[in-house]
Amino acid sequence: MPEPRRLIAYLFILPALLMTVLFDYYPILNGIYHAFYRWDGAKVEKFVGLSNFREIVHDSVFWISVWNMTIFLVFHIVLMVPTIVVCIVLFRIKSSRAQYAYRILFCLPMVVPGLVSLLLWQFMYNPQFGFFNQLLDKIGLGEWKQLWLGDPNLALWCLILMGFPWIGTIAALIYLGGLQNVDGSIWDAAKVDGVGPFMQAIKLELPLLKGQFKLNLIGAISATVTGYSTQLVMTNGGPGFSTIVPGLYMYQKAFGGATDTEFGYASAVGLLLFLIALLITIATMKFIRSE
């Protein structure tokens, strides 16, 4: 490429590069730097070495949040199964019109903002006029009405069960794209060999979806380990600490108090979350191989 054209190409990517450095890499490096400081986000900035991490080791609330995060992570991985099953069934539909209609139906939830969905579920869990308690009343089971998000024993499970029947739109499109890119001769050979629907799923479709599964799994792990928006909107970590997760605990430490802000401690929690997500992702990439 001639020198002037190369310079023009660099100028085109320069704004994207600057924005990436400013809004992606700088906050990460700034957070790592302040993880070793006692910092209030404004004036106080005192180097404390590993003191923040030693506090975390003895912080009982942090370990409660890690336990809750582990429960969420296990169930989020298990709840990836319905999406895979639905995609395999949808792929086997012969009618192209029916396939198209179902894809549209799966994609429609994408146009609804995530916050709207959270507020809708919060309304459904309302103990006074929410859908679930009203339904129990209608079918004569009024004595089974619950506080739902207000019950420390139920709140976490209510958050896990949100989104029933747990069909992930983006994940579904990734799985369908993977299946549609497979050479059709494989399915013809399976028919000739008399492979049944169940064995076809076990021996063909699931192994061929390992690459797509790995991609969605890494996304689910990252979102669960570092995310906290659902808990923030639905329960703010309560009641008590029954639904708190490390990401929300980090947020509360940084922004939870009007006068007592612990940005340095929050940065240390964020660094630990980054390392946890990184290690799990590396393990996932190593042990789940595409075929």
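Shown above is the structure to which this text applies.
These numbers were taken from a predicted model, which means no experiment stands behind them.

Cut-offs applied
- Residues numbered from 1 in each chain as written.
- Predicted model: local features only at pLDDT ≥ 70, side-chain atom pairs only at ≥ 80, totals over all residues.
- Heavy atoms only, no water.
- Helix = DSSP H or I, 4+ residues; strand = E, 2+ residues; numbered from the N terminus.
- Rg over C-alpha atoms; globule rule 2.2 N^0.38 Å.
- Buried < 20%, exposed > 50% of the residue type's maximum accessible area, 1.4 Å probe, protein only.
- Areas by Shrake-Rupley, 256 points an atom, 1.4 Å probe, with all protein chains shown as cover.
- Lys, Arg positive; Asp, Glu negative; His and termini not counted.
- Charge placed at Lys NZ, Arg CZ, Asp CG, Glu CD.
- Salt bridge = Lys/Arg side-chain N within 4 Å of Asp/Glu carboxyl O.
- Axes fitted to C-alpha atoms, helices over the stretch in contact; angles between N-to-C directions.
- Parallel < 35°, antiparallel > 145°, perpendicular 65-115°, else oblique.
- Left-handed = near helix turned anticlockwise from the far one by under 90°.
- Contact = heavy atoms within 4.5 Å.
- Nonpolar A, V, L, I, M, F, W, Y, C, P; charged D, E, K, R; others polar.

### Examining the overall build of the chain
Then step 1. When helices and strands are counted, the chain shows 15 helices and 2 strands.
Then step 2. For a compact globule of 291 residues, the expected C-alpha radius of gyration is about 19 Å, and the chain comes in at 24 Å, more than 25% above that figure.
Then step 3. On the principal axes, the C-alpha backbone points of the chain span a range of 80 × 70 × 35 Å.
Then step 4. Across the 291 residues that make up the chain, the buried fraction comes to 33%.
Then step 5. Surface exposure of the chain reaches about 17800 Å², of which carbon and sulfur atoms provide 70%.
Then step 6. Looking at charge distribution, the chain has the averaged site of its 19 positive side-chain charges lying 7 Å from that of its 16 negative ones.

### With respect to the pattern of salt bridges
Close approach of charged atoms lets side chains of opposite charge pair.
Then step 1. Within the structure shown, the criterion is met by 4 salt bridges.
Then step 2. A salt bridge links Arg 38 to Glu 55, with the nearest nitrogen and oxygen atoms 2.8 Å apart. Linking Arg 38 in strand β1 (residues 37-39) with Glu 55 in helix α2 (residues 51-57), this pair joins segments that are 17 residues apart in sequence.
Then step 3. Relative accessible area serves as the criterion here: at 30%, Arg 38 is assigned to the partly exposed category.

### A closer look at the packing of helix α4 (residues 81-92) against helix α5 (residues 96-107)
Then step 1. Between α4 and α5, the shortest axis-to-axis distance is 9 Å and the interhelical angle comes to 155°. When the axis of α4 is compared with that of α5, the two are roughly antiparallel. Considering only the axes of α4 and α5, their crossing is left-handed. Where α4 approaches α5, its residues Val 86, Leu 90 and Phe 91 are matched on the opposing element by Gln 99, Tyr 102, Arg 103 and Phe 106.
Then step 2. When the residues that make up the contact of α4 with α5 are grouped by side-chain class, the tally is 5 nonpolar, 1 polar and 1 charged.

### What about unusual backbone geometry?
Then step 1. The residue after Phe 164, namely Pro 165, is reached through a cis peptide bond having omega 10°.
Then step 2. Within the element layout of this structure, Pro 165 appears in the loop between α8 (155-161) and α9 (169-180).
Then step 3. Between Gly 238 and the following residue, Pro 239, the backbone shows a cis peptide bond with an omega angle of -5°.
Then step 4. Residue Trp 148 is not a glycine yet carries a positive backbone phi of 55°.
Then step 5. Along the chain, Trp 148 falls in the loop between α7 (131-138) and α8.
Then step 6. With a relative accessible area of 16%, Trp 148 lands in the buried category.
Then step 7. The phi dihedral of Trp 166 is positive, around 65°, even though this residue is not glycine.
Then step 8. Looking at the element boundaries, Trp 166 is found in the loop between α8 and α9.

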